[in-house]
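# Structural description and commentary
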Amino acid sequence: MNEPQQQKWTETIDDNHSLFDLKIKEVWKYKDLVYMFVKRDFVSSFKQTILGPIWFFINPIFTTITYLVIFGKFAKLPTDGAPGILFYLAGVTLWNYFSGALLGTTSTFTSNASIFGKVYFPRLVTPISIVLSNLMRLSVQFLLFLVVWLYYVINKEVHPNWWMLATPFLIIIMALLALGAGMLFSALTTKYKDLTMLLAFGVSLLMYATPVIYPVSMLPGYFRSLSKFNPLTGIFECFKYGWLGVGDFSPSMLITSTIITLILLFIGVITFNKVERAFMDTV
């Protein structure tokens, strides 16, 4: 009798891969799935709502007005000479993206456990899709910022400079920072559930450690030096310096932000790859 012909598989799935293996080629093969996840996250944001995508504008508008009244009128925090509404809107636009991408990425395993347990695809697809879907929200809110910014530019109340061209790089660094930190915390929350509750509180505190509602120039010497170790400081200060022409910005701040971001991304990828092998046993 003829022996049965051995079946050849086009792809073999196993857990014997390096912690440093990002599986970029494999993620690229599933780019359609990334698109579907991005579309799902974006559409679900305003599904069964009355105002729909308008909520993307309402959030930064009301947040900016609140900051303008509380921190501008009552607390009288300086804005380095920039118009208050534009100063706060710049900070809110960037912060909404970072906090949304970070909190969304941290729930990668817990929110998608049912999908991960049924079908295989590169797990890195999920956090990447979350970062990209929040990028779409950022683009919508950035349009609002541009409209307000153009008004003040026409009236010659702000004086932008060439550093505004660094905006794409700033967004990439911010996305990688949210991705790296989010993957790290998503891996930790599969085992330590308490971190989920602490994380939202921690992100709120992080906003006050980031120059969202105040300029770095108002900080005393020691705290000003300490703030530069926050990777978001260089990003926010560079953005405001480029678009508004104000701020205590130096290229070294952006270099520090980039280095810290790459380190966090490296740690996040390693931790994520390690946990994804057996996370179904702990979720």
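Throughout, residues of each chain are indexed from 1 in the direction in which the sequence is written. Local features in this predicted model are restricted to residues of pLDDT 70 or higher, and side-chain atom pairs are both shown and tallied only at a pLDDT of 80 or more, whereas totals for entire chains, interfaces and linings draw on every residue. Just so you know, side-chain values use all the structure's heavy atoms and leave hydrogens and water out.

Time to look at the confidence of the model for the protein. Per-residue confidence from the prediction method is given by pLDDT, with values spanning 0 to 100. With 80% of its residues at a pLDDT of at least 70, the protein reaches an overall mean of 82. Between the elements of the protein, mean pLDDT differs from a low of 64, seen in helix α6 (residues 113–116), to a high of 94, seen in helix α11 (residues 231–244). Under the scheme used here, helices are H or I runs from DSSP no shorter than 4 residues and strands are E runs no shorter than 2 residues, and both carry numbers assigned from the N terminus.

All right, on to the nonpolar core then. Throughout this description, the term nonpolar core refers to a set of buried Ala, Val, Leu, Ile, Met, Phe, Trp, Tyr and Cys residues connected via side-chain atoms within 4.5 Å. Exposure categories follow from relative accessible area, calculated using a 1.4 Å probe and restricted to protein chains: below 20% of the type maximum is buried, above 50% is exposed, and the middle band is partly exposed. Ranked by size, the top nonpolar core spans 62 residues in total, and within it F145 and L244 carry the most contacts. Those elements that place two or more of their residues in this core are α2 (31–45), α3 (55–74), α4 (84–106), α7 (125–154), α8 (167–189), α9 (194–208), α11 and α12 (251–275). At twelve residues, α4 tops the list of elements feeding residues into this core. In this description, contact between two residues means that some pair of their heavy atoms is separated by no more than 4.5 Å. Look past the residues within four positions of L244 in its chain and what remains in contact with it is A82, L86, F87, F145, W149, V158, H159 and F239.

This part takes up the environment of K191. Checked against the element boundaries, K191 lands in the loop between α8 and α9. Once the C-alpha coordinates of K191 and V275 are considered, the two residues, 84 residues apart in sequence, prove to be 9.5 Å apart.

Planes of paired rings set the category: under 30 degrees apart is stacked, over 60 is edge-to-face and the rest tilted, where pairs are Phe, Tyr or Trp rings (Trp by its six-membered ring) whose centres lie within 6.5 Å. Inspection of every chain in the model, using the stated rule, returns 15 aromatic pairs. Seen in terms of ring centroids, F142 and W243 are 5.5 Å apart; in terms of plane orientation they differ by 80 degrees. Their pairing is edge-to-face. With F142 in helix α7 and W243 in helix α11, this pair connects stretches of sequence that are 101 residues apart. Comparing F142 with W243, the two get one shared label, buried. For the ring pair F239 and W243, a centre distance of 6.0 Å and an interplane angle of 35 degrees mean the geometry is tilted. Taken together, the positions of F239 and W243, both in helix α11 and four residues apart, correspond to about one turn of that helix. The residues F239 and W243 share a single accessibility class, namely buried. These aromatic residues form a ring-pair network of at least three members: F142, F145, W149, F239 and W243. K240 extends its terminal NZ or CZ atom over the ring of F87, reaching a point 3.8 Å from the ring centre. Placement of a positive charge over a ring is assigned whenever Lys NZ or Arg CZ falls within 6 Å of the ring centre and within 35 degrees of the normal to the ring plane.

To describe two helices that pack against each other, one gives the angle between their axes and the distance between the axes. The contact between α7 and α8 brings their axes to 10 Å, and the two run at 140 degrees. Here α7 lies oblique to α8, going by the angle between them. The handedness of the crossing between α7 and α8 comes out as right-handed. Two secondary-structure elements touch here, α7 through P127, I128, V131, L135 and L138 and α8 through I171, A175, L179 and M183. Comment: axis = line fitted to C-alpha atoms, over the contacting stretch for helices; angle = value between 0 and 180 degrees taken between N-to-C directions. Between 65 and 115 degrees an angle is taken as roughly perpendicular, under 35 as roughly parallel, over 145 as roughly antiparallel, and anywhere else as oblique. Handedness of a crossing is defined here by the sense of rotation of the near helix relative to the far one, left-handed for an anticlockwise turn of less than a right angle and right-handed for a clockwise turn.

Turning to the environment of S227, a few remarks are in order. Positionally, S227 belongs in helix α10 (residues 221–227). Residues in contact with S227, not counting those within four places in the same chain, are V216, L219 and T233.

As a further point, take the side chain of S129. Mapping S129 onto the fold places it in helix α7. At 2.6 Å, the side chain of S129 and the backbone oxygen of T126 are in polar contact. Here a polar contact is recorded for every N or O atom pair within 3.5 Å, except that within protein the pair must consist of a potential hydrogen donor and a potential acceptor, and residues adjacent in sequence are included only if both atoms are side-chain atoms.

Take unusual backbone geometry next. One non-glycine residue, K76, lies in the positive phi region at around 55 degrees. Mapped onto the fold, K76 is located in the loop between α3 and α4. Using a relative accessible area of 62% as the deciding quantity, one classes K76 as exposed. With a phi close to 55 degrees, K156 is a non-glycine residue in the positive phi region. Inspection of the secondary structure assignment puts K156 in the loop between α7 and α8. According to the relative accessible area criterion, K156 is exposed, its value standing at 67%.

With that settled, consider α4. Expected span, for any helix, means 1.5 Å times one less than how many residues it has. Relative to the 33 Å expected for 23 residues at 1.5 Å per residue, α4 spans 33 Å between its end C-alpha atoms, a close match to the ideal helical length. Burial analysis of α4 places 18 of its 23 residues in the buried class, the great majority of the element.

Before going further, it helps to spend a moment on the packing of α8 against α11. Here α8 crosses α11 at 160 degrees, and the two axes come no closer than 10 Å. As far as their axial angle goes, α11 and α8 are roughly antiparallel. Handedness of the α8/α11 crossing: left-handed. Contacts between α8 and α11 involve T167, L170, I173, M174 and L177 on the former and, on the latter, P231, L232, I235, F236, C238, F239 and W243. The nonpolar class holds Ala, Val, Leu, Ile, Met, Phe, Trp, Tyr, Cys and Pro. Asp, Glu, Lys and Arg form the charged class, and all remaining residues, Gly among them, are polar. Residues belonging to the contact of α8 with α11 are distributed by class as follows: eleven nonpolar, one polar and no charged.

This part covers α3. Counted at 1.5 Å a residue, the expected span for α3 with its 20 residues is 28 Å, and the 27 Å between its end C-alpha atoms agrees. Across the chain, bend at a residue is computed as the angle between axes fitted to the seven residues ending at that point and the seven starting from it. At L68, α3 shows its largest kink, close to 25 degrees. Among the residues making up α3, those that are buried are F56, I58, P60, T64, Y67 and F71. One or two residues past the end of α3 sits K76, with phi positive at roughly 55 degrees.

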